[in-house]
Amino acid sequence: QLLGQLYLGLGLFGLAEGQFARVDPRGPEALSAAAYAAYTRWRAGDVEGGLARLQALVASHPDEPRARTLLALALLTADAPDAARDQIDAVAQLTPGDPDLQLAWASWHAARREYDQASLAYERAISVAPPAERGRYALIAAEFHLAATFEQCAAGLPLAERAAAALGQHAGALTTLAAHRYACGQFAGAVEAATAAQAAGAGPDAAYYLGAALAALGQRDDARTALVRAADLAPASEWRRRAELALATLP
């Protein structure tokens, strides 16, 4: 199940489903794995099918908090905040100390553009998470600040630094750190983090931030090489568009 969750976080939905399917259907993690499998279906594009499976799990196992939490996340994306809040309230009764409950609250506040409240919920998630898991929760919080462009330097950058320190050679954590450093004008640090991210197997996002930071430092030729790599790694993506815009502004 943990490997499946890792694949899910990386967007490798087929591999994630394969791992969830291997969980013993009679074991203690069976319901949680089934919830993640349904959520993976939803993330993979089967919106109606994944949502229906999550709703069926909640109906048949109303005391399963993971299914309710994942259903709440799906309902938020489906623009049903009231229904999502009902699920989060139910989880709060079942597992009040679960850090994922705070993640659900953070998502709910973010969907309502209550970014200050979302930020506080992420902080609570980190504080109640087991020490070994705090790096992962710090990364999720840092990604929120990056996506929302909310207090990136005051709050997001320290969270990204914390996540990278805790998770080691984690491509996603290093890329998020590079993005925050670039946004905060720490261009040499962004180059360092993006280079480490690429060594850890990161994709076009790390190459883009490497190129953008090198350009800001005046290293034109190296910047061009990195930006071309970003565009080539993802020919039909937002990263290609960003890379081409950055290339067009190189002196």
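Everything that follows concerns the structure shown earlier in this document.
Report follows, based on the coordinates. (Residues numbered from 1 in each chain as written. Predicted model: local features only at pLDDT ≥ 70, side-chain atom pairs only at ≥ 80, totals over all residues. Heavy atoms only, no water.)

### Some points on the overall build of the protein chain
Piece 1. Counting secondary structure elements, the protein chain contains 15 helices and 0 strands.
Piece 2. Radius of gyration (C-alpha) of the protein chain: 19 Å, near the 18 Å computed for a compact globule of 251 residues.
Piece 3. The C-alpha extent of the protein chain, read off along each of the three principal axes, is 60 × 35 × 35 Å.
Piece 4. Taken over 251 residues, the protein chain has a buried fraction of 45%.
Piece 5. Look at the contacts in the protein chain between residues 6 or more apart in sequence, and 46% of them connect residues 24 or more apart.
Piece 6. For the protein chain, the computed accessible surface area is about 12,200 Å², with 53% contributed by carbon and sulfur atoms.
Piece 7. Mean positive and mean negative side-chain charge positions of the protein chain (21 and 27 charges, respectively) differ by 3 Å. (Helix = DSSP H or I, 4+ residues; strand = E, 2+ residues; numbered from the N terminus. Rg over C-alpha atoms; globule rule 2.2 N^0.38 Å. Buried < 20%, exposed > 50% of the residue type's maximum accessible area, 1.4 Å probe, protein only. Contact = heavy atoms within 4.5 Å. Areas by Shrake-Rupley, 256 points an atom, 1.4 Å probe, with all protein chains shown as cover. Lys, Arg positive; Asp, Glu negative; His and termini not counted. Charge placed at Lys NZ, Arg CZ, Asp CG, Glu CD.)

### Details of helix α10 (residues 152-167)
Note on helix geometry: an α-helix contains 3.6 residues per turn, so any two residues three or four positions apart are oriented the same way.
Piece 1. Taken as a whole, α10 has its buried residues at Gln152, Ala155, Gly156, Leu157, Leu159, Ala160, Ala163 and Ala164.
Piece 2. Tucked into the core, α10 has its buried residues touching α8 (115-128), α9 (134-148) and α11 (171-183).
Piece 3. One or two positions beyond α10, positive phi appears at glycine 168, with a value near 65°.

### Observations concerning the nonpolar core
Piece 1. Of all hydrophobic cores here, the largest spans 80 residues; its most connected members are Leu54, Ile88, Tyr208 and Leu227.
Piece 2. When residues of this core are assigned to their parent elements, the largest contribution, 8 residues, is made by helix α13 (residues 204-216).
Piece 3. Non-local contacts of tyrosine 208, meaning those with residues more than four positions away in its chain, are made with Leu227, Ala230, Trp239, Arg242, Ala243 and Ala246. (Core = buried A, V, L, I, M, F, W, Y, C linked by side-chain atoms within 4.5 Å.)

### Describing the packing of aromatic side chains
Piece 1. Evaluation of the coordinates by the stated rule reveals 12 aromatic pairs.
Piece 2. Their ring planes at 70° and their centres at 5.2 Å tell us that tyrosine 208 and tyrosine 209 sit as a pair that is edge-to-face. Take tyrosine 208 and tyrosine 209: they sit in the same class, and that class is buried.
Piece 3. In this structure an aromatic cluster arises from ring pairing among Tyr182, Phe187, Tyr208, Tyr209 and Trp239. (Phe/Tyr/Trp six-rings, centres within 6.5 Å; stacked < 30°, edge-to-face > 60°.)

### Some thoughts on unusual backbone geometry
Piece 1. The phi angle at threonine 149 is positive, at roughly 50°, despite the residue not being glycine.
Piece 2. Here threonine 149 is to be found in the loop between α9 and α10.
Piece 3. The exposure class assigned to threonine 149 is exposed, which follows from its relative accessible area of 56%.
Piece 4. Here glutamate 151, not a glycine, exhibits a phi torsion of approximately 45°, which is positive.

### Description of the state of the cysteines
Piece 1. Taken as a whole, this structure holds 1 disulfide when the rule is applied.
Piece 2. Between the sulfur atoms of cysteine 153 and its disulfide mate cysteine 184 the distance is 2.1 Å. Its torsion about the S-S bond being -115°, the disulfide of cysteine 153 and cysteine 184 is classed as left-handed. With a gap of 31 residues between them, cysteine 153 in helix α10 and cysteine 184 in the loop between α11 and α12 (187-199) connect regions that are remote in the sequence. (Disulfide = S-S within 2.5 Å.)

### With respect to the pattern of salt bridges
Piece 1. Throughout the structure, instances matching the rule amount to 14 salt bridges.
Piece 2. Note that arginine 26 is salt-bridged to aspartate 24, the shortest N-O span being 3.8 Å.
Piece 3. According to the relative accessible area criterion, arginine 26 is exposed, its value standing at 74%.
Piece 4. One salt bridge connects aspartate 100 with arginine 66, and the closest N-O pair in it is separated by 3.3 Å. Of the two residues, aspartate 100 sits in helix α7 (residues 99-111) while arginine 66 sits in helix α5 (residues 65-77), which places them 34 residues apart along the sequence.
Piece 5. Take aspartate 100: its relative accessible area is 13%, and that puts it in the buried class.
Piece 6. Take arginine 66: its relative accessible area is 17%, and that puts it in the buried class. (Salt bridge = Lys/Arg side-chain N within 4 Å of Asp/Glu carboxyl O.)

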